[in-house]
Amino acid sequence: MSAILSHITLGVSDIPRATTFYDAVLGELGIARGKSGDGFAGWGSPHESGFFITRPLNGQAASVGNGVSVSFLAPTRDAVDRFHAKAMALGATDEGKPGIRPHYHANYYAAYLRDPDGNKIAAVCHDAVTTHGR
């Protein structure tokens, strides 16, 4: 068994805005939306979407968790760069520009940001090979 999680869900306040944001930034990583419906959207396989956004089911306002971060695998370092650039263009807040994070490991290349609802997300590439030589 290689997967250890069924899925991750983040609460958002505006489903259409968040869907537009995640379609664009996850598209830069080659991740497509698999499911959507009234009040939610999911990305990944149509049968096993691994990442969801939703309005909170309890009817309360969506809020962010302190110390919570969702990191998406990126196929290349260029994809991390595109993810970050697209997110910034769509109103995200920078939490860490693309670059090596050697305190994790020598090839940990990541970019961190907050989506328009304040959720902390990242794109990470663990490979040493890149077209930019970084």
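Further up the page is the structure itself.
All values derive from a computational prediction rather than experimental measurement. (Residues numbered from 1 in each chain as written. Predicted model: local features only at pLDDT ≥ 70, side-chain atom pairs only at ≥ 80, totals over all residues. Heavy atoms only, no water.)

Caption draft 1: Layout of the overall build of the chain. Helix and strand counts for the chain stand at 2 helices and 8 strands. Listing every helix and strand of the chain by position from the N terminus yields β-α-β-β-β-β-α-β-β-β. Within the chain, the fraction of its 134 residues that count as buried is 37%. A sequence separation of at least 24 residues applies to 55% of the contacts in the chain between residues at least 6 apart. Of the charged side chains in the chain, 12 are positive and 12 negative, and the gap between their average positions amounts to 3 Å. (Helix = DSSP H or I, 4+ residues; strand = E, 2+ residues; numbered from the N terminus. Buried < 20%, exposed > 50% of the residue type's maximum accessible area, 1.4 Å probe, protein only. Contact = heavy atoms within 4.5 Å. Lys, Arg positive; Asp, Glu negative; His and termini not counted. Charge placed at Lys NZ, Arg CZ, Asp CG, Glu CD.)

Caption draft 2: How the structure looks around the nonpolar core. Core analysis: the largest hydrophobic core is formed by 27 residues, its most contacted members being Tyr22, Leu26, Phe51 and Ile121. At the level of secondary structure, the elements contributing two or more residues to this core comprise helix 1 (15-27), strand 3 (40-44), strand 4 (49-54), strand 5 (70-73), helix 2 (77-89), strand 7 (109-114) and strand 8 (120-125). The residues contacting Phe51, other than those within four sequence positions of it, are Ile8, Leu10, Tyr22, Leu26, Ala41, Gly42, Trp43, Val70 and Phe72. (Core = buried A, V, L, I, M, F, W, Y, C linked by side-chain atoms within 4.5 Å.)

Caption draft 3: Fine view of the packing of aromatic side chains. For the structure on display, the rule yields 7 aromatic pairs. With a centroid separation of 5.0 Å and an interplanar angle of 55°, the aromatic rings of Tyr22 and Phe51 are classed as tilted. Here the residue Tyr22 occupies a position in helix 1, and Phe51 occupies one in strand 4, the gap between them amounting to 29 residues. Considered together, Tyr22 and Phe51 belong to a single accessibility category, that of buried residues. Judged by centre distance (4.6 Å) and plane angle (45°), the rings of Tyr104 and Tyr108 are tilted. Residue Tyr108 is classed as buried on the basis of its relative accessible area, which comes to 11%. Ring pairing ties together the aromatic residues Phe21, Tyr22, Trp43, Phe51 and Phe72, which thus form one cluster. (Phe/Tyr/Trp six-rings, centres within 6.5 Å; stacked < 30°, edge-to-face > 60°.)

Caption draft 4: Up close: the pairing of strand 5. Here strand 5 shows a clear split, with Val70 and Phe72 buried on one side and none of Ser71 and Leu73 buried on the other. Relative to strand 8, strand 5 is paired through 4 bridges, and the arrangement is parallel. In the sheet register, Val70 faces strand 8, and the bridge partner there is Ile121. (Pairing = 2+ DSSP bridges.)

Caption draft 5: Summary view of the packing of helix 1 against helix 2. Packing of helix 1 against helix 2 leaves a shortest axis separation of 8 Å and a crossing angle of 155°. As judged from the angle between their axes, helix 1 and helix 2 are roughly antiparallel. In this structure, helix 1 crosses over helix 2, and the sense of that crossing is right-handed. For the pair helix 1 and helix 2, the contacting residues are Phe21, Ala24, Val25 and Leu26 in the first and Phe83, Lys86 and Ala87 in the second. (Axes fitted to C-alpha atoms, helices over the stretch in contact; angles between N-to-C directions. Parallel < 35°, antiparallel > 145°, perpendicular 65-115°, else oblique. Left-handed = near helix turned anticlockwise from the far one by under 90°.)

Caption draft 6: View of the side chain of Arg101. Relative to the helices and strands, Arg101 resides in the loop between strand 6 (93-100) and strand 7. At 6.7 Å, Asp94 is the nearest oppositely charged side chain to Arg101, a buried residue that forms no salt bridge. At 2.8 Å, the side chain of Arg101 forms a polar contact with the backbone oxygen of Gly99. Within polar-contact distance, the side chain of Arg101 engages the backbone oxygen of Ala110 at 2.9 Å. Excluding its chain neighbours within four sequence positions, the residues that come into contact with Arg101 are Gly96, Tyr108, Ala110, Ala111 and Tyr112. (Salt bridge = Lys/Arg side-chain N within 4 Å of Asp/Glu carboxyl O. Polar contact = N/O pair within 3.5 Å; in protein donor to acceptor, adjacent residues only side chain to side chain.)

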